[in-house]
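# A closer look at the structure
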Amino acid sequence: MTLLYLYMTDGCHLCDEAEALLRTVTAYRPVRWQPRDIMNDPEWLAAYGERLPVLADGQGRSLDWPFDASDILQFLEQSA
């Protein structure tokens, strides 16, 4: 099963939208994902601070906002 990471932070309304999209997609497709608050890691802050929210896989691929459910599904196909 694919594991995705959602780089986000508290108080980010776009991050909330991205999380809602992920919850919708994962209700229909078996995908695990973890939120990663960029404020918890200086490397994440440097890499993603200007680009939030960002969806990433364990292979170094990322999907920057804006994205929708179909973009997430396409990203999953590429990450499989």
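Each remark here, short or long, concerns the structure printed above.
Below is a short write-up of the structure. (Residues numbered from 1 in each chain as written. Predicted model: local features only at pLDDT ≥ 70, side-chain atom pairs only at ≥ 80, totals over all residues. Heavy atoms only, no water.)

## Details of the sheet that holds strand β2 (residues 32-37)
Let me state the cut-off plainly: Strand pairing is assigned whenever DSSP detects at least two bridges linking the two strands. Helix and strand definitions follow DSSP, with helices as H or I runs of at least four residues and strands as E runs of at least two, each counted in order from the N terminus. For every element, the axis is a line fit to its C-alpha atoms; helices are fit only across the contacting stretch, and the angle between N-to-C directions ranges from 0 to 180 degrees.
What the four strands build is an open sheet, ordered β2-β1-β3-β4; its pairing is mixed. Bordering the open sheet on either side are β2 and β4 (62-64), each of which pairs with just one other strand. Sheet twist, expressed as the average angle between the axes of neighbouring strands with direction ignored, equals 20°. Relative to β4, strand β3 (residues 54-57) runs antiparallel, the two sharing three bridges. Its bridge partner being in β4, L55 is matched across the sheet by L63.

## Focus on the environment of G11
Structurally, the position occupied by G11 is in the loop between β1 (3-8) and α1 (13-28). G11 sits 57 residues away from D68 along the chain, and the two C-alpha atoms are 20 Å apart.

## Notes on the side chain of R36
Rules: Type-normalised accessible area, obtained with a 1.4 Å probe on protein chains alone, sets the label of each residue: buried when under 20%, exposed when over 50%, and partly exposed for intermediate values. Counting rule applied: Lys, Arg positive; Asp, Glu negative; His and chain ends not counted. Definition used for salt bridges: Asp or Glu carboxyl oxygen within 4 Å of a side-chain nitrogen of Lys or Arg. The contact definition used throughout considers only heavy atoms, calling two residues in contact when any of these lie within 4.5 Å.
Looking at the secondary structure, you find R36 in strand β2. Despite being buried, R36 has no salt bridge partner; D41 is the closest side chain of opposite charge, sitting 7.5 Å away. If sequence neighbours within four positions are ignored, R36 has contacts with Y5, L6, Y7, M8 and W44.

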